[in-house]
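# Residue-level structure breakdown
So the chains spell out like this:
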Amino acid sequence: MPEKRLQHISNTISFRIALPAFLTILLFVIAIFYVVLPQLEQSLMNRKQEMIMELTETAWSLIGDYHERELSGELSPDEARRRAVLRIGNLRYGPEKKDYFWINDMTPRMIMHPYRTDLDGKDITDFKDPKGKRLFVEFVQIVKKQGAGYVDYMWQWKDESQRIAPKISYVKGYTPWGWIVGTGMYIDDVKAEIATIRNHLAAVSAGILVIISLLALYSIRQSLLADRERQRIFAERGVLMKSLEQSTERFRNLIETTSDWIWEIDREGRYTYSSPRVENLLGFEPEEILHTTLTTFSAPDQAAAVNAAFAKLLAAGKPFSGFEITSLGKDGQVVVLECNAVPIFDDQGSLAGYRGVARDITERKIAMETLKKSRDDLHASLEETVASLASTAEKRDPYTAGHQQRVDRLACAIAREIGFPEDKIEGLHIAALLHDIGKITLPSEYLAKPTRLSTEEKALFKLHPEVGYEILKRIHFPWPVADIVLQHHEHLDGTGYPQGLKDDEILLEAKILAVADVVEAMSSHRPYRPSLGIDIALDEIRSGRGSRYHGESVDACLKLILEKKFDLSYTMDEGGGGVG
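One numbering rule holds for all chains: residues counted from 1, following each sequence as written. Confidence filtering applies because this is a predicted model: local features only for residues at pLDDT of at least 70, side-chain atom pairs given and counted only at 80 or more, and all residues used for totals across whole chains, interfaces and linings. Derived side-chain values reflect all non-hydrogen atoms in the structure, with water molecules and hydrogen atoms excluded from consideration.

### Quick look at the overall build of the chain
Runs of H or I in DSSP of at least four residues are treated as helices and runs of E of at least two as strands, each being numbered from the N terminus. Of regular secondary structure, the chain possesses 19 helices and 10 strands. Between buried and exposed lies partly exposed: a residue is buried under 20% and exposed over 50% of the maximum accessible area for its type, with that area taken using a 1.4 Å probe on protein chains only. Counting only residues that meet the buried cut, the chain has 41% of its 580 residues in that class.

Spelled out as structure tokens, the structure:
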């Protein structure tokens, strides 16, 4: 083939490699900065708005608690309002604990503002922000129109009266008392978070772009090198066809320039040929390798095992691949070789030896170890994050501290007992640690109440699986963690909550978790009752086996506790484990 034709093919191949690489980089930049980043910014703003709505709803529910105490006669109207104002006025949140709530009425008149006490008790109808907006009038209008909503305006920065910043607040009216309660977020705070995300994303994107560019350049370079090699082979094609000796010599030259070490051994495993590449890999001249064996240079601590494995390969007389040997080079350097070979037979069909290649995979092995460590570090980080989330709910309820960890231990033990796959047990472990995360929104009075909850309180309490689901559904776990948390109080007969699901509609992980949760809860102390004991807890799951509770999980739980003496009394902090 003419050299110009070969050069044209080479340029075409290089262009075909470079163009997709360039387009990939361009599309990546467009996707990150014009699609992903705006969506992230909008998502962050939406989450912040949802947060202040949820916080306002919490403060609003506190007012409702005091109103109920007023209606029951426990508190006078004035005392109920005074306590509500004091309670909400002391609430703080945020990184600096300076974000707050305020209350005004429908006049509007300021009932309470923690940082603007000069407005307390005053008519604020004509109060305007620096842009002339009568913000308190807008609060009243939006409450009259739809009961609650968002309003944006200019306001002082937290407790710094001289600093004015844009703000979005969520307000909600409490009709029985004619109050409006609200809290807000500062736009500058959100912009700062977005800027941080943008900077991190830009750094990661730059790294990825550099890697893609280097890979593209490497591919082009390798293509050019391969094209040059093909040109050389075609140029020598005519000469190679002239004589067998020249053909053999040039074929050997080609073998000896490859990056792999080419070798041949006899049926006893001794080298009969070695390409010069061995000097690059191990530092030995080819002549020094002859008559030694493939395992001669293996690391001393692995020599016996390697010799046994290699002897078995030779005895089989079949092709082998992926046979790894950790070798010591001439200067003591460690080199990991991957050997692939095919058998050679003589004219009588008897095994004469093997012809094969050895490739240096030291860097690949190091990279795999690094990747494994990175994966392990990510898994440890996930465990720490989940543990922190779990402890957040339990710190609000000292009476059930350790409940989620004990449920996790028992649920994972049940899952193993019934032969549940280990990869799915890890998802169950995460869900068990977080199954009560939804209680974080319950008033602390409910969690520590020394008597049984009222009907209304129970109704609110039963919302915690749905709240947990809403918290977790935005986290992209590799398992259905949010759905497991949502369903862990469902029963096979449809009598559970919050959705009243039946047998086939409930995830198996949720069924297992339900059994573990019932046993641990009934056998543990609660503010409104002492522990019922493990026997009563086991009687409960026995009586509900197959009707309310998953039969196989019940059997496994009974076997663990009664036969294998499973200890439910200690938590992960005392030595227990989930996925272990």
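Once you've had a look at it, read on.
### Re the side chain of S553
Along the chain, the position of S553 falls in helix α19 (residues 551–563). Overall, the relative accessible area of 0% leaves S553 in the buried class. Should any heavy atoms of two residues lie within 4.5 Å, those residues are considered in contact. Apart from residues no more than four positions distant in its own chain, S553 is found in contact with I414, I418, I512 and V515.

### What about helix α3 (residues 135–146)?
Between the first and last C-alpha of α3 there are 16 Å, a value that for 12 residues agrees with the 16 Å anticipated at 1.5 Å per step. Residues of α3 that are buried: L135, F136, V137, F139, V140, I142 and V143. Packing partners of the buried residues in α3 comprise β1 (102–105), β2 (110–112), β3 (148–157), β4 (160–174) and β5 (179–186). Two residues or fewer after α3 comes G147, characterised by a positive phi angle close to 85°. Each helix should span, by expectation, one fewer than its residue count multiplied by 1.5 Å.

### Remarks on unusual backbone geometry
The linkage connecting T107 with the following residue, P108, adopts the cis geometry, with an omega of 5°. Topologically, P108 is positioned in the loop between β1 and β2. Each neighbour pair has its own omega, and for Y497 with P498 the value is 10°, a cis peptide bond. Relative to the assigned elements, P498 resides in the loop between α16 (481–487) and α17 (508–522). Despite not being glycine, H291 has its phi angle at roughly 75°, a positive value. Structurally, H291 is set in the loop between α8 (286–289) and α9 (303–316). The class for H291 is exposed, based on a relative accessible area of 64%.

### Focus: the packing of aromatic side chains
Here a Phe, Tyr or Trp ring, Trp counted by its six-membered ring, pairs with any other such ring whose centre lies within 6.5 Å, and the pair is stacked when the planes are under 30 degrees apart, edge-to-face when over 60, and tilted otherwise. Evaluation of the coordinates by the stated rule reveals 17 aromatic pairs. Pairing Y100 with Y115 gives two aromatic rings, centres 4.9 Å apart and planes at 70°, and the pair type is edge-to-face. Placement of the pair is Y100 in the loop between α2 (77–89) and β1 and Y115 in the loop between β2 and α3, with a sequence separation of 15 residues. Given the relative accessible area of 3%, Y100 is considered buried. Taken together through their ring pairs, the aromatic side chains of W102, F127, F136, F139, Y153 and W155 make up a single cluster. Whether a charge lies above a ring is judged from NZ of Lys or CZ of Arg, which has to be within 6 Å of the ring centre and within 35 degrees of the ring normal. Directly above the aromatic system of W60 lies the positively charged group of K172, at a separation of 4.1 Å from the ring centroid.

### A look at the packing of α17 against α19
Fitting a line to C-alpha atoms yields each axis, with helices limited to the stretch in contact; the angle taken between N-to-C directions then spans 0 to 180 degrees. At a minimum axis separation of 9 Å, α17 and α19 run at an interaxial angle of 45°. Considering their axes alone, α17 and α19 lie oblique with respect to each other. Where α17 crosses over α19, the handedness of that crossing is right-handed. Counting all contacts with α17, which are made through I512, V515 and V519, the residues of α19 involved are S553, V554, C557 and I561. Ten residue types, Ala, Val, Leu, Ile, Met, Phe, Trp, Tyr, Cys and Pro, are classed as nonpolar, four, Asp, Glu, Lys and Arg, as charged, and the remainder, Gly among them, as polar. When the residues that make up the contact of α17 with α19 are grouped by side-chain class, the tally is six nonpolar, one polar and no charged. Any angle from 65 to 115 degrees is called roughly perpendicular, while one under 35 is roughly parallel, one over 145 is roughly antiparallel, and all others are oblique. Should the near helix be turned counterclockwise from the far one by less than a right angle, the crossing is left-handed, whereas a clockwise turn marks it as right-handed.

### Examining the sheet that holds strand β10 (residues 351–360)
In this scheme, strands are said to pair when DSSP sees at least two bridges between them. A sheet is described by the order of its strands in space; here five strands give the open sequence β7-β6-β10-β9-β8, paired in antiparallel fashion. Only two strands of the sheet have a single partner each, and these edge strands are β7 (271–274) and β8 (320–328). The sheet shows a mean angle of 30° between the axes of neighbouring strands, taken without regard to direction. Across the sheet, α9 is in contact with β6 (261–266), β8 and β10; its angle to β8 comes to roughly 150°.

### Points about the sheet that holds β1
Strand order in the open sheet made by the five strands is β2-β1-β5-β4-β3, with antiparallel pairing throughout. The sheet is open, and its two edges are formed by β2 and β3, each paired on a single side. Averaged over all adjacent pairs, the angle separating strand axes in this sheet is 35°, with direction ignored. Alignment of β1 against β2, held across two bridges, turns out to be antiparallel. Counted as the bridge partner of N104 is M110 from β2. Those strands touched by α2 are β1, β2 and β5, and its axis lies near 70° from that of β2. Those strands touched by α3 are β1, β2, β3, β4 and β5, and its axis lies near 170° from that of β3.

### Focus on the nonpolar core
Working definition of a nonpolar core: buried Ala, Val, Leu, Ile, Met, Phe, Trp, Tyr and Cys residues. They are joined through side-chain atoms within 4.5 Å. Judged by nonpolar contacts, the single largest core of 45 residues is most densely connected at L410, I414, L472, V481, V519, I541 and C557. Contributing elements (two or more residues each) for this core: α11 (403–417), α12 (422–434), α16, α17, α18 (534–543) and α19. Of all the elements, α17 adds the most residues to this core, at eight residues. Ignoring sequence-local partners within four residues, the contact set of V519 consists of L410, I534, A537, L538, I541, C557, I561 and L568. Residues A80, V85, M112 and A148 belong to the second largest nonpolar core, which totals 26 residues.

### Section: the pairing of β10
Pairing between β6 and β10: six bridges, direction antiparallel. Bridge pairing in β10 places D266 opposite G353. As paired strands, strand β9 (residues 334–345) and β10 are joined by nine bridges and run antiparallel to one another. Within the sheet, the bridge partner assigned to L337 lies in β10 and is D360.

### Here's the deal with the confidence of the model for the chain
As a per-residue measure, pLDDT tells how confident the predictor is, with possible values from 0 to 100. Averaged over all residues, the pLDDT of the chain equals 82, while 83% of them reach at least 70. Predicted confidence for residues 572–580 stays below pLDDT 50, and this span has 24 contacts to residues more than four positions away or in other chains.

### Quick word on the environment of L472
Among the structural elements, L472 can be located in helix α15 (residues 464–472). Judged by its relative accessible area of 1%, L472 falls in the buried class. For the pair L472 and A482, spaced 10 residues apart in sequence, the C-alpha to C-alpha distance is 5.2 Å. In contact with L472, other than residues within four places in its own chain, are L434, I437, F477, V481, A482 and V485.

### Digging into the pattern of salt bridges
By definition, a salt bridge exists where a carboxyl oxygen of Asp or Glu is found within 4 Å of a side-chain nitrogen of Lys or Arg. Applying the stated rule across the entire model yields 26 salt bridges. Here K98 ties to D159 by a salt bridge, and the two come within 3.6 Å at their closest N and O atoms. A residue pair is termed long-range when its members are at least 10 positions apart, and K98 in the loop between α2 and β1 and D159 in the loop between β3 and β4 qualify at 61 residues. D159 gets classed as partly exposed once you look at its relative accessible area, which sits at 37%. Connected via shared salt-bridge partners are E79, R82 and R83.

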